[in-house]
Amino acid sequence: MRKIFESIDFARVGLLQSILESEGIGTLVKNYDLAATAGVIAASDCYPELWIIDEAKFEQAERIIESYNSPAPESGSTWICFTCKNEVDSNFDACWNCSVPRPKKEKQT
Ligand SMILES: [Zn+2]
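Throughout, a residue's number is its position along its own chain's written sequence, starting from 1. Per-residue local features of the predicted model are confined to residues with pLDDT of at least 70, and side-chain atom pairs are confined, for both listing and counting, to 80 or more; whole-chain, interface and lining totals are unaffected and use all residues.

Caption draft 1: Spatial organisation of the overall build of the protein chain. A run of DSSP states H or I qualifies as a helix once it reaches four residues; a run of E qualifies as a strand once it reaches two. Both are numbered from the N-terminal end. Summing up its helical and strand segments, the protein chain has three helices and five strands in all. In the protein chain, the succession of helices and strands from N to C terminus is β-α-β-α-β-α-β-β. The exposure label follows from counting other C-beta atoms within 10 Å of a residue's C-beta, where the C-beta atoms are placed from the backbone and the thresholds are 20 or more for buried and 12 or fewer for exposed, leaving partly exposed in between. Taken over 109 residues, the protein chain has a buried fraction of 14%. Placing C-beta atoms from the backbone, we regard two residues as in contact once those atoms come within 7 Å. Considering only residue pairs separated by 6 or more positions, the protein chain has 45% of its internal contacts joining residues 24 or more positions apart.

If you want it as structure tokens, here you go:
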């Protein structure tokens, strides 16, 4: 078995698990119950972890997860200031905290 992904967001781990399972890749989630019942996760070693049971399928699983994890900032969603890490509403073109301008999207038409 090999760990492929971990996140504080156990809903995301569960989503990736169901995606991989639907691709025929056997997975196991560790710490899932812990995260779900704790409510607040205090320590990083409590993060839900997604494991691939069959290591031969690890690379396939990795590609699938990459395609789902690639950042795709939609208009109307919040963005994260890269300087102070504050979450900024999409209505603002600069960080409300440190006035750093919103990062431009790579592809603009
Ligand atoms: Zn900022």
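Caption draft 2: Inspection of the sheet that holds strand S2 (residues 27-30) at higher detail. Judged by pairing direction, the sheet is antiparallel, and its three strands sit side by side in the order S1-S3-S2 without closing on themselves. Across the chains shown, the open sheet's two edge strands, defined by having one partner strand only, are strand S1 (2-6) and S2. If you compare each strand with its neighbour and ignore which way they point, the axes differ by 30 degrees on average. Pairing of S1 with strand S3 (residues 49-52) involves four bridges; the strand directions are antiparallel. When the sheet's bridge partners are listed, Arg2 is paired in S3 with Ile52. Axes, fitted as lines to C-alpha atoms, cover a helix only where it is in contact. Angles between the N-to-C directions of the axes lie from 0 to 180 degrees. Packing of helix H1 (residues 10-22) onto the sheet brings it into contact with S1, S2 and S3, and relative to S2 it is tilted by some 165 degrees. Sheet strands in contact with helix H3 (residues 58-69) are S1 and S3, and its direction is about 10 degrees off that of S1. Two strands make a pair as long as DSSP finds a minimum of two bridges between them.

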